[in-house]
Amino acid sequence: MKVEGKQAIWKEYQKDIAGDKYFYVRSCVRQNFFPGSETTFLRIMREELGKDIYEHPCHTTCTGIGYHGDVVPLDTMMTVVARQFALMTEAGYQNLVPSCITSFGIYTEVLDTWHHFPEVEAKVREYLRKATGREFKIPQNLAHASDLIYKFRKEIAQNAKFKLVDKETGKPLKVVDHIGCHYSKMFPEKGVGGAEYPYVLAGMIEDWGGEVIDYPERRHCCGFGFRQYLVQANRGYSVACSHKKFESMEPYKPDMILTNCPGCPMFLDKWQYAIAEMEGKTYGKDGYGIPVLTYEELAGMVLGYDPWDLGLQVHQVSCEPLLDRIGIKYDPLKKYNDKNGVSLGVPEKPSVMKVS
Amino acid sequence: MKDFGFTINKDRQIDMDTADMRVAEYVKTHEPSFNICIACGTCTATCSAGIFTDMNLRKLFTLVKRGEIANTRTEIAKCMLCGKCSLACPRGVNTRNVIVKINQALIKFSL
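Here's what I pulled together on the structure shown here. All residue numbers refer to position in the chain's written sequence, counted from 1. Starting at A for chains and at 1 for ligands, labels are handed out in the order in which the entities are written. Where local features are concerned, this predicted model is filtered to residues with pLDDT of at least 70; where side-chain atom pairs are given and counted, the filter is 80 or more; whole-chain, interface and lining totals use all residues.

### Concerning helix H3 (residues 36-48) of chain A
How we decide: Residues with at least 20 neighbouring C-beta atoms inside 10 Å of their own are called buried, those with 12 or fewer are called exposed, and the rest are partly exposed, where every C-beta is derived from the backbone. Helix numbers and strand numbers start at the N terminus; a helix is a DSSP run of H or I with at least 4 residues, a strand a run of E with at least 2.
Regarding H3(A), the residues found buried are Gly36(A), Ser37(A), Glu38(A), Thr40(A), Phe41(A), Ile44(A) and Met45(A). The first or second residue beyond H3(A) is Gly50(A), which carries a positive phi of 65 degrees.

### Here's the deal with the interface of chain B and chain A
How big an interface is tends to be expressed through the accessible area that disappears when the partners come together. We apply this condition: Whether two residues are in contact is decided by their C-beta atoms, placed from the backbone, lying within 7 Å. Only Asp, Glu, Lys and Arg are considered charged, only Ala, Val, Leu, Ile, Met, Phe, Trp, Tyr, Cys and Pro nonpolar, and every remaining residue, Gly among them, polar.
In this assembly, 9 residues from chain B lie in contact with 12 residues from chain A. Grouping the amino acids of the side of chain B that touches chain A by side-chain chemistry returns 4 nonpolar, 3 polar and 2 charged.

### Section: the environment of Thr113(A)
Looking at where Thr113(A) falls in the secondary structure, it is placed in helix H6 (residues 101-116). Thr113(A) sits 35 residues away from Met78(A) along the chain, and the two C-alpha atoms are 9.8 Å apart.

### As for the packing of helix H1 (residues 22-30) of chain B against helix H7 (residues 95-108) of chain B
Residue and element names in this part refer to chain B. To keep it simple, the criterion reads: Geometry is summarised by axes, namely lines fitted to C-alpha atoms with helices restricted to the contacting stretch, and by angles between N-to-C directions that run from 0 to 180 degrees. Throughout, the term roughly parallel applies to angles under 35 degrees, roughly antiparallel to angles over 145, roughly perpendicular to angles from 65 to 115, and oblique to all others. Handedness of a crossing is defined here by the sense of rotation of the near helix relative to the far one, left-handed for an anticlockwise turn of less than a right angle and right-handed for a clockwise turn.
The N-to-C vectors of H1 and H7 enclose an angle of 130 degrees; their axes lie 9 Å apart at closest approach. Taken together, H1 and H7 sit at an angle that is classed as oblique. H7 is crossed by H1, and the crossing has right-handed handedness. Between H1, through Arg22, Val23, Tyr26, Val27 and His30, and H7, the contact on the second element is made entirely by Val98, Lys101, Ile102, Ala105, Leu106 and Lys108. Residues belonging to the contact of H1 with H7 are distributed by class as follows: 7 nonpolar, 1 polar and 3 charged.

### Considering the nonpolar core
Rules: To count as a nonpolar core, a set of buried Ala, Val, Leu, Ile, Met, Phe, Trp, Tyr and Cys residues must be joined through C-beta atoms within 7 Å. These domain boundaries are the output of an automatic or database domain assignment.
Formed by 97 residues in total, the largest nonpolar core has its most connected members in Val81(A) and Leu258(A). Looking at which domains feed residues into this core, each of domain 1 (22-145) and domain 2 (153-334) of chain A gives three or more. Ignoring any residue separated from it by four or fewer positions in sequence, one finds Leu258(A) in contact with Val175(A), Asp177(A), Leu201(A), Ile205(A), Leu293(A), Tyr295(A) and Leu298(A). Counting residues in each nonpolar core, the second largest holds 19 residues, with Leu60(B), Val98(B), Ile99(B) and Ile102(B) among its members.

Okay, here's the thing in structure tokens:
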């Protein structure tokens, strides 16, 4: 095997990721599902890496959920996206960083549409002008937030307080990654590793000491699929997708699932509870589930941030067994306290899945 | 167990390594024209039994080719062996004989 040849081919699977000065746009659903992730991302970018990352208080949803759920028309979606670009232009930034994979897919789709159909871009500019009086420039660089963590994964590894290693055995933890369908399945050249070898999460796992586990349904959808879940009658299909993944990964005994998208951790986490209640089956060790983390939570964890600051207490599947294996200290009594130390109340325990 | 108002949908993935292909293989051997069926559905459109029952020859052939033979006996019982499907088939598949061979296979393999 010629390594040079392999390296030359691999270069074609890389993407250009800006080095600094980012305009950050949040996910609409993520702040409810996993509220610590975006805060942790900004903290890492600003405090650990010293980057200039700005978020505008007036930015909105990209409308992706409504668009893919068939309730927001294409023109409306493009005009809302144009408004985000206008906010970025007015703030003096050129590198757009969405927190959400669906948003990333939406922005990529809109930019690609405008590239091929300039008359559509002109029409949307007119819509935005009439609606808000705003003008915008096309972003010079579009990178998902996970692309930035991937780009700076070695710097994070240098500052890391913990590695993804079992403190008792010294062996790397087994991690399965889930990149999210809209990251590189729609526009393969826009994701690190393309659609064939998505490496954005695998690169983090390897550099932070873990072992990436391949399994047959690795690239299967998590089950969100918008209408699969948004319409209650379709939810059996949604949970069937997650179920298929869990059944496929179970023989490899993964220690955790690392996710890229707002929907994926939500469904891979919460459906474990639903499957346990419906079928009496759990997929983790000793009746627990398999912990599901976002890449920001994992980055914060290896950097030694307090697990409750990362928001690990809002996960359905308990993360404490994972923290114990790595050797991360936490105070169980503070798990359900707010920032001021006031108790938020303890959630009801599931009847089948064990929780800490 | 909790009722969420929905259940986990049954997986529709067909594993060809474990599928029961005995009926399909028998029919392909004894009525080779079965191999050239393009599943256009002309047989189903012209089927006399299909007017009175939910007989669907196209679906039946597809399921047999996939090794999904759980309901095959019930399905072929609806056929009157009139042979109109054979006359209509644009590929010249002897569909009437395919039904006969499927029946023979079900008896042979005690299915």
